[in-house]
Amino acid sequence: MTGGHGVAQVDGRRIHYRRAGVSGPVVVLLHGGGVDDAGLSWKLTIEELADAGYRVYAPDWPGYGDSDPHAEPSIASYVEVLEGFCEALAFDSVSLVGISMGGAAALGYTLAHPERVEKLSLVDSYGLGSTVPAGSVWYTLAHLPGANAAGWSMMGVSNEAAALGLGSVVHDPNAVPGAFVSDVRQRASETGAGRAFTRFQRNEIGPGGRVKTNYADRLDELDLPVLLVHGEGDPLFPVGWSRRAHDRIADSELVVFEDCGHWTPREKPLLFNTALVEFLRRGTGGDAVAGTATVESLTAPPRHFPGRQSNSPSDMYRSPESQKTVTTSGQSS
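Residues numbered from 1 in each chain as written. Predicted model: local features only at pLDDT ≥ 70, side-chain atom pairs only at ≥ 80, totals over all residues. Heavy atoms only, no water.

*Asks:* Is there a simple way to think about the overall build of the chain in this case?
*Replies:* Scanning the chain for helices and strands turns up 12 helices and 11 strands. Taking all 333 residues of the chain together, the buried fraction comes to 55%. A separation threshold of at least 6 residues defines the contact pool for the chain, and within that pool the share at least 24 residues apart is 70%. For the chain, the exposed area adds up to about 13600 Å²; of that, 49% sits on carbon and sulfur atoms. (Helix = DSSP H or I, 4+ residues; strand = E, 2+ residues; numbered from the N terminus. Buried < 20%, exposed > 50% of the residue type's maximum accessible area, 1.4 Å probe, protein only. Contact = heavy atoms within 4.5 Å. Areas by Shrake-Rupley, 256 points an atom, 1.4 Å probe, with all protein chains shown as cover.)

And the structure:
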């Protein structure tokens, strides 16, 4: 496996990306908002996918990481950036994996260019509902000068402060690795931390938490394999969004992680990576499951519903670290 960094020129803007893998299908990983970037959400996923036989690309959205900013960040503008990124790197087709804000961009791109996407995975995704539970607070803070900046600045003071701030995002900040907390603290301490996300919130979140981007009524247009992943205790976007999306997408699978909040790839990395690789390999002749997680018990018989694909029974996975998840193929209950 080889990895590194690169820069793509998209509409005159430098888009930095991380890459790994020398051969195989292309997988593009799309990070979320806040102080996130490609190296934060996907730190433990990029190399795992490359080792599993994929060429992996993880761009920093404009204004995040080492990418140039965008004057009007929104899901619509990010879909355009993603289109330009794929064109700049001459990708004929890709599989997309997006978390949170990145999930909505991945979904928007797929709806706009279905012929270019092989598989889609939405992780704790934005864009699947009309109202964000904490949206009223987000709206107020985004329009109160300096409010968000002060919050990020506080998280950048120490690891203890960063862990306290993470308490509103993850299930248990005391259970995530110290290295992850340190990564968040480092990014929160940087000049301009969260600035792009504040602009995004102003464009996407309205009074009462009403959102600008909601693809819920277009999910039945998707005609490709879709993996929905969600932390059961996600405090930002409710797991019910993914359950409803699972009901509406014909060829979909739903994985819900217990004892998990919004940052699934960092809260449950072993099982997340296993579920993702299994999904990407299914139907391609690869191994069914990669990694060390094992099927421990069968919790329900396979269920088949008209017009829906049932790929496997409902399984419960447990890793050696006692991470837990419930997987459903077919229609959710």
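*Asks:* Help me understand the packing of aromatic side chains in this model?
*Replies:* Each aromatic ring pair is specified by the distance between its two centres and by the angle formed by the two planes. Evaluation of the coordinates by the stated rule reveals 14 aromatic pairs. On the numbers, 5.0 Å between centres and 90° between planes, the contact of phenylalanine 180 with tryptophan 263 is edge-to-face. Remark: tryptophan 263 occurs in the loop between strand 8 (252-257) and helix 11 (264-267) and phenylalanine 180 occurs in helix 8 (residues 178-188); sequence separation between them is 83 residues. Taken individually, phenylalanine 180 and tryptophan 263 each receive the classification buried, so the pair is uniform in this respect. The positively charged end of lysine 119 is found above the aromatic ring belonging to phenylalanine 279, 5.1 Å away from the centroid. (Phe/Tyr/Trp six-rings, centres within 6.5 Å; stacked < 30°, edge-to-face > 60°. Lys NZ or Arg CZ within 6 Å of the ring centre and 35° of its normal.)

*Asks:* Please clarify how the layout of surface pockets should be interpreted in this entry.
*Replies:* For the largest pocket, the calculated volume is near 780 Å³. Lining the largest pocket are 37 residues, and of these Gly34, Trp152, Ser168, Val169 and Phe197 sit closest to its centre. Listed by contribution, the elements that provide at least two residues to the lining of the largest pocket are helix 5 (135-143), helix 6 (147-155), helix 7 (159-166) and helix 9 (195-204). Broken down by element, the residue count for the lining of the largest pocket peaks at six residues, all from helix 6. The space that makes up the second largest pocket amounts to roughly 360 Å³. What lines the second largest pocket is a set of 20 residues, and nearest its centre among them are Gly63, Tyr64, Thr191, Gly192 and Ala193. With four residues, helix 9 is the single largest residue contributor to the lining of the second largest pocket. A class-by-class count of the residues in the lining of the second largest pocket yields seven nonpolar, seven polar and six charged. (1 Å grid on protein atoms, 1.4 Å probe; cavity = no way out; pocket = protein on both sides within 12 Å on 5 of 7 lines; lining within 4 Å. Points joined across faces, edges and corners; volume = space filled by probe spheres on them. Nonpolar A, V, L, I, M, F, W, Y, C, P; charged D, E, K, R; others polar.)

*Asks:* Whenever I open this one, helix 7 confuses me. Can you help?
*Replies:* By the burial criterion, the buried members of helix 7 are Ala162, Ala163 and Leu166. An end-on view of helix 7 places all buried positions within 100° of arc, on one side of the element. In helix 7, the exposed positions that point more than 90 degrees away from the buried face belong to Glu160 and Leu164. The secondary structure elements touched by the buried residues of helix 7 are helix 6 and helix 8. (Arc of directions from axis to C-beta.)

*Asks:* Would you mind going over the confidence of the model for the chain with me for this structure?
*Replies:* If pLDDT is low for a region, its predicted coordinates should not be looked at in detail. Confidence in the prediction for the chain averages 87 pLDDT; 84% of positions are at 70 or higher. Per-element averaging of pLDDT across the chain places strand 9 (residues 294-300) at the bottom with 24 and strand 3 (residues 26-30) at the top with 99. Contacts of residues 285-324 to residues separated by more than four positions or lying in other chains number 89 contacts, the stretch itself having pLDDT below 50. Below a pLDDT of 50 lies the segment residues 329-333, which in the model reaches 22 contacts outside its immediate sequence neighbourhood of four places, other chains included. (pLDDT = per-residue confidence, 0-100.)

*Asks:* Please clarify how the environment of serine 93 should be interpreted in this entry.
*Replies:* Looking at the element boundaries, serine 93 is found in the loop between helix 3 (75-88) and strand 5 (94-99). Serine 93 gets classed as partly exposed once you look at its relative accessible area, which sits at 27%. For the pair formed by serine 93 and arginine 116, sequence separation is 23 residues and the distance between their alpha carbons is 4.4 Å. Sequence-distant contacts of serine 93, that is, excluding residues within four places in its chain, are made with Val26, Arg116 and Glu118.

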